Amino acid sequence: MESAGRAQVLGGLIRRVQALASGIARRSRWIGRLALVAAPVAWVTLFGRWAFDSVPQFLFFAVVLAVLMVPGLVLLAFARLLAGTVSTSEAALGDLAGSVAGAGVELGGGVAGVVAKPGLRSLATLLGSLWQLRHFRSEFGSVVGAAVGSTRLFNPLFLFWVGAAALGAGLVVLLAIVGVVVWVV
């Protein structure tokens, strides 16, 4: 029965990862798309008057446009990784339910309030939950491997880039707003 209890805890953790990853992926996708739309707006309104003076200046400012688009692209890639985690964790829950069906354990877990945490707190909770899943690797290795998804989600350097991209996306949107205000005035 100890294995059934651990399976129930694991099922709750997987459901928590699903809920958090789904919410964060949705927000990351939305912010990434907003940053991708804001980048050309900021570029045209702030740098457009200089970009078309000569070919070397255009090439320089084309690089500036690419740099402005990087935060949105990183956030979209992060959202895609998290969406993959959600879909693979569905399969993992099915495997887990099948492995403990004989014990009569129903996998549950209250995660209703978990998704309501805003911003970095929900990302920290997601990463903590993914880290907790590692404790179940010896007993439920294939299930945990499917739920964890990409190893990049644990890579601190990648997570640093995601955090920097979130800040960069905010800066790009702010530049776009400033550019539109300067252009109108």
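Residues numbered from 1 in each chain as written. Predicted model: local features only at pLDDT ≥ 70, side-chain atom pairs only at ≥ 80, totals over all residues. Heavy atoms only, no water.

Visitor: Help me understand the packing of aromatic side chains, please; the structure alone is not making it clear to me.
Guide: The geometry of an aromatic ring pair is captured by two quantities: the separation of the ring centres and the angle between the planes. Throughout the structure, instances matching the rule amount to seven aromatic pairs. Both rings, one in tryptophan 43 and one in phenylalanine 58, keep their centres 6.4 Å apart while their planes meet at 80°; by these two values the pair is edge-to-face. Placement of tryptophan 43 in helix α1 (residues 2-51) and of phenylalanine 58 in helix α2 (residues 55-99) is noted, with a sequence separation of 15 residues between them. The exposure class of phenylalanine 58 is partly exposed, given its relative accessible area of 34%. On the basis of an interplanar angle of 75° and a centroid distance of 5.1 Å, the ring pair of phenylalanine 60 and phenylalanine 61 is categorised as edge-to-face. Three or more aromatic residues joined by ring pairs form one cluster here, namely Trp43, Phe52 and Phe58. Of note, arginine 49 hangs over the ring of tryptophan 50, and the distance from its end group to the ring centre comes to 5.0 Å. (Phe/Tyr/Trp six-rings, centres within 6.5 Å; stacked < 30°, edge-to-face > 60°. Helix = DSSP H or I, 4+ residues; strand = E, 2+ residues; numbered from the N terminus. Buried < 20%, exposed > 50% of the residue type's maximum accessible area, 1.4 Å probe, protein only. Lys NZ or Arg CZ within 6 Å of the ring centre and 35° of its normal.)

Visitor: Before we go on, may I ask you to explain the nonpolar core in this structure?
Guide: In summary, soluble globular proteins display a tendency toward joint burial of nonpolar side chains. Leu75, Phe78, Leu82, Phe158 and Val162 are the most contacted members of the largest nonpolar core, which has 14 residues in total. Membership of the second largest hydrophobic core comes to ten residues, among which are Ala39, Ala51, Leu68 and Val172. (Core = buried A, V, L, I, M, F, W, Y, C linked by side-chain atoms within 4.5 Å.)

Visitor: Looking at this model, I keep getting lost on a nonpolar patch on the surface. Mind explaining?
Guide: A cluster of nonpolar residues, Val37, Val41, Ile177, Val180, Val181, Val184 and Val185, forms a patch on the protein surface that exposes about 660 Å² of accessible area. Looking at the nonpolar patch element by element, the count peaks at four residues for helix α5 (residues 156-184). Looking at where isoleucine 177 falls in the secondary structure, it is placed in helix α5. (Patch = residues over 30% accessible without salt bridge, like charges linked within 9 Å, V, L, I, M, F, W, Y side chains within 5 Å. Areas by Shrake-Rupley, 256 points an atom, 1.4 Å probe, with all protein chains shown as cover. Salt bridge = Lys/Arg side-chain N within 4 Å of Asp/Glu carboxyl O.)

Visitor: Got a minute to help me understand the environment of alanine 35 in this structure?
Guide: Here alanine 35 is to be found in helix α1. By relative accessible area, alanine 35 is classed as buried at 0%.

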